[in-house]
Amino acid sequence: MDHFDLRDGVMHAEDVALPAIAEAVGTPVYVYATATMERHARVFREALAALPQPPLVAYAVKANPNAAVLATLARAGLGADVVSGGELLRALNAGIAPDRIVFSGVGKTAEEMALALRHGIFQFNVESEPEVEMLSAVAHGMGTTAPIAFRINPDVDAGTHAKISTGKSENKFGVAYDRAHAAYALARGLPGLSIRGVAVHIGSQLTDLKPLEAAFGKIGTLIESLRRAGHPIRVADLGGGLGVPYDPAQPVPPSPAAYGEMVARITAGWDARLVFEPGRLIVANAGVLLTRVIRVKQGVAEPFVIVDAAMNDLMRPSLYDAWHDIRAVAPDGRRFTANVVGPVCESGDTFAMHRPMEHVAAGDLIAFMTAGAYGATMAGTYNSRPLTPEVIVSGNKWSIVRARQPLEALIAADNLPPWLVAEETA
Ligand code: LLP
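Predicted, not measured: the structure shown is a model, and the values here were computed from it.

Digging into the environment of proline 253
Now for step 1: Here proline 253 shows up in the loop between β12 (235–237) and α9 (256–267).
Now for step 2: Linking proline 253 and leucine 242, residues 11 residues apart in sequence, is a C-alpha distance of 8.0 Å.

Shown next, in the form of structure tokens:
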């Protein structure tokens, strides 16, 4: 559920009319609803309320790292799952306590490890033997101890898009299930490490609980055998990945409550503190990308609706063929079938083809729905288009939380080498 509704025929974010934001900030612009983020954080926590130990819900910062989003979620009581030094600093700046931060990712550098160790984070989710050797050396060199879990690749097909599936043995993520014991034995013999858990994350936008259940079942078996081998497993990080509804015509993905029931059932008797890393579930429906129709051009069959947002602002459709609901901000009651495209010079700069949708004309505003996760954060400046601004709404208040990048700043970021600088003429 979200907080983007028609009032008097005009789409509002909570109590703020989207055209007012478009007038003031220009388009394209991302707009986030605080109430939706708060609701999703609460619903997810409530879904896990039956667990014997209070879990750590570590929001996956990668989904939307805007400072205002992180501060909102920090207040809602969430920790953070980070994958870089930049995300770690963002989480800390937002007021998320270091002991509520887990560090994931296959390519942590020695500098990033040292940064996280200095701040005393909750746990490193280590993805390989060479990584644990590096972490040991860094921690030992600093005279400290790194709390670790190995991320285990359970070789389960998550049944999602290949580019966001992470739990098959051929994926780059985690330590292979059948090498887990060797990895833990290696870590036990290294200085500067404290083994405390296991971690798993099999993919994103999962619309079926069965692969998750299969993966968690394998992790449960592994926890037992690791304990038998003398490893003190006290934490199990079950990752993120629960899908959200993008297309109203598709079956609704499993609810957080159904996910919570499955987790409670599978993990009963584990006697471990659980960690969760939801990203999309918390923020996806809390954001829209607001864009204006530049012009409508006749196509062979359907018209091309050319909007001022492009693949650089919202990459998901061109990268994953992702489906986003496209709504008119002030629908006039008519419908048509159209191709919605951006101005970038690539055929892939297409948001939707042959899409039955509300009628729009040049100058009208459109909202790409469910754009709060993996939207602004994946934006780039291709075609020398400035980074997309972001606005957050709370009730009847709104605020620009990232200003539109001025074109001058975009251009001034490049430097000429000395040999191309025009010589002063005397
Ligand atoms: N934990 C780890 C270790 C992850 O790699 C991810 C996402 C998450 C948690 C959060 O997953 P979520 O709950 O958001 O599904 N850009 C793609 C999604 C990439 C997800 C990467 N990892 C998209 O736009 O669909």
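Overview of the side chain of glutamate 131
Now for step 1: As for its position among the elements, glutamate 131 is in helix α6 (residues 129–141).
Now for step 2: Overall, the relative accessible area of 6% leaves glutamate 131 in the buried class.
Now for step 3: Leaving out residues up to four positions away in the same chain, glutamate 131 has contacts with Gly105, Val106, Lys108, Met113, Asn125 and Val126.

Structural notes on the layout of surface pockets
Now for step 1: In this model, the largest pocket occupies a volume close to 660 Å³.
Now for step 2: Lining the largest pocket are 35 residues; nearest its centre among them are Lys62, Thr166, Phe173, His201 and Tyr374.
Now for step 3: Residues of the lining of the largest pocket, tallied by class, amount to 13 nonpolar, 11 polar and 11 charged.
Now for step 4: Residues lining the lining of the largest pocket come from more than one domain, with at least three contributed by each of domain 1 (4–31 + 284–412) and domain 2 (34–282).

Section: the pattern of salt bridges
Now for step 1: As enumerated under the stated definition, the model contains 14 salt bridges in all.
Now for step 2: Two residues, glutamate 46 and arginine 42, come together in a salt bridge whose shortest N-O distance is 3.9 Å. With glutamate 46 and arginine 42 both in helix α2 (residues 34–47) and 4 residues apart, the pair spans about one turn of that helix.
Now for step 3: The salt bridge involving glutamate 213 is made with arginine 265; its shortest N-O contact spans 3.1 Å. Taken together, the residues glutamate 213 in helix α8 (residues 209–228) and arginine 265 in helix α9 connect sequence positions 52 residues apart.

With respect to the site of the ligand
Now for step 1: Near the ligand you find 18 residues, and of these Ser204, Glu277, Arg316, Tyr320 and Tyr374 are the closest.
Now for step 2: A distance of 2.8 Å is found between an oxygen atom of the ligand and a backbone nitrogen or oxygen belonging to glycine 241.
Now for step 3: Burial of the ligand by the surrounding chains reaches 92%, relative to a free accessible area of 590 Å².
Now for step 4: Among the detected pockets, the ligand sits in the largest pocket.

Some points on the sheet that holds strand β2 (residues 10–13)
Now for step 1: If you walk across this open sheet you meet the 3 strands as β1-β2-β3, and the pairing is antiparallel. Each end of this open sheet is capped by a strand with a single partner; those strands are β1 (4–7) and β3 (16–17).
Now for step 2: Bridging between β1 and β2 involves 4 bridges; their strand directions are antiparallel. Across the sheet, phenylalanine 4 pairs through a bridge with alanine 13, a residue of β2.

Some remarks on the pairing of β2
Now for step 1: Two successive antiparallel strands, β1 and β2, enclose a turn made up of 2 residues, where aspartate 8 displays a positive phi of approximately 50°.
Now for step 2: As judged from the 2 bridges shared by β2 and β3, these two strands associate in the antiparallel manner. The residue of β3 that forms the bridge with histidine 12 is alanine 17.

Quick look at helix α7 (residues 180–188)
Now for step 1: Residues of α7 that are buried: Ala180, Ala183, Tyr184 and Ala187. Summarising the axial view, the buried residues of α7 lie within an arc of 95°, below the 170-degree limit, and thus occupy one face.
Now for step 2: Residues of α7 that are buried in the fold lie against α6, β9 (146–153), β10 (175–176), β11 (193–199) and α8.

Brief notes about the domain arrangement of the chain
Now for step 1: What the domain assignment lists for the chain is domain 1 (4–31 + 284–412) and domain 2 (34–282).
Now for step 2: With centres defined by C-alpha atoms, the gap from domain 1 to domain 2 works out at 32 Å.
Now for step 3: Taken together, the contacts link 21 residues of domain 1 with 23 residues of domain 2.
Now for step 4: Carbon and sulfur atoms supply 55% of the area buried between domain 1 and domain 2, which totals about 2000 Å² over both sides.
Now for step 5: Among the residues domain 1 hides against domain 2, the three largest losses belong to Tyr320, Trp323 and Tyr374. Together they make up 28% of the total.
Now for step 6: The tally of links between domain 1 and domain 2 comes to 0 salt bridges.
Now for step 7: In this assembly, domain 1 and domain 2 are joined by 8 residue pairs in polar contact (both at pLDDT 80 or more).
Now for step 8: If you list the elements that add at least two residues to the side of domain 1 that touches domain 2, you get α11 (316–320), β20 (390–394) and β21 (397–402).

Focus on empty space enclosed by the protein
Now for step 1: Per the counting criterion, the structure on display carries 1 cavity of 30 Å³ or more.
Now for step 2: Computed from the structure, the largest cavity encloses a volume of approximately 40 Å³.
Now for step 3: Along its surface, the largest cavity is lined by Phe44, Gly240, Gly241, Leu242, Tyr259, Pro278, Gly279 and Leu281.
Now for step 4: Residues belonging to the lining of the largest cavity are distributed by class as follows: 5 nonpolar, 3 polar and no charged.

Some thoughts on unusual backbone geometry
Now for step 1: Of note, the bond from threonine 27 into proline 28 is cis; its omega dihedral lies within 30 degrees of zero at -5°.
Now for step 2: Within the element layout of this structure, proline 28 appears in the loop between α1 (18–25) and β4 (29–33).
Now for step 3: Even without being a glycine, glutamate 14 presents a positive backbone phi close to 50°.
Now for step 4: Along the chain, glutamate 14 falls in the loop between β2 and β3.
Now for step 5: Residue class for glutamate 14 comes out buried when judged on its relative accessible area of 12%.
Now for step 6: A positive phi angle, close to 55°, is found at tyrosine 374, a residue other than glycine.
Now for step 7: Relative to the helices and strands, tyrosine 374 is located in the loop between β19 (365–368) and β20.

Re the nonpolar core
Now for step 1: Ranked by internal contacts, the top residues of the largest apolar core, which has 103 residues, are Tyr59, Phe124, Ile148, Phe150, Phe216 and Tyr259.
Now for step 2: The element that contributes the greatest number of residues to this core is α8, accounting for 8 residues.
Now for step 3: A domain split of this core shows at least three residues from each of domain 1 (4–31 + 284–412) and domain 2 (34–282).
Now for step 4: Residue contacts for phenylalanine 124: discarding those within four places in its chain leaves Phe103, Lys108, Met113, Ala116, Leu117, Leu135, Ala146, Pro147, Ile148 and Ala149.
Now for step 5: Counting residues in each nonpolar core, the second largest holds 19 residues, with Met11, Ala13, Val16 and Val288 among its members.

Reading guide: rules and limits
Residues numbered from 1 in each chain as written. Predicted model: local features only at pLDDT ≥ 70, side-chain atom pairs only at ≥ 80, totals over all residues. Heavy atoms only, no water. Helix = DSSP H or I, 4+ residues; strand = E, 2+ residues; numbered from the N terminus. Buried < 20%, exposed > 50% of the residue type's maximum accessible area, 1.4 Å probe, protein only. Contact = heavy atoms within 4.5 Å. 1 Å grid on protein atoms, 1.4 Å probe; cavity = no way out; pocket = protein on both sides within 12 Å on 5 of 7 lines; lining within 4 Å. Points joined across faces, edges and corners; volume = space filled by probe spheres on them. Nonpolar A, V, L, I, M, F, W, Y, C, P; charged D, E, K, R; others polar. Domains from an automatic or database assignment. Salt bridge = Lys/Arg side-chain N within 4 Å of Asp/Glu carboxyl O. Near = heavy atom within 4 Å. Polar contact = N/O pair within 3.5 Å; in protein donor to acceptor, adjacent residues only side chain to side chain. Areas by Shrake-Rupley, 256 points an atom, 1.4 Å probe, with all protein chains shown as cover. Sits in = over half its atoms within 2 Å of the grid points. Pairing = 2+ DSSP bridges. Arc of directions from axis to C-beta. Buried area = accessible area lost by both parts, 1.4 Å probe. Core = buried A, V, L, I, M, F, W, Y, C linked by side-chain atoms within 4.5 Å.

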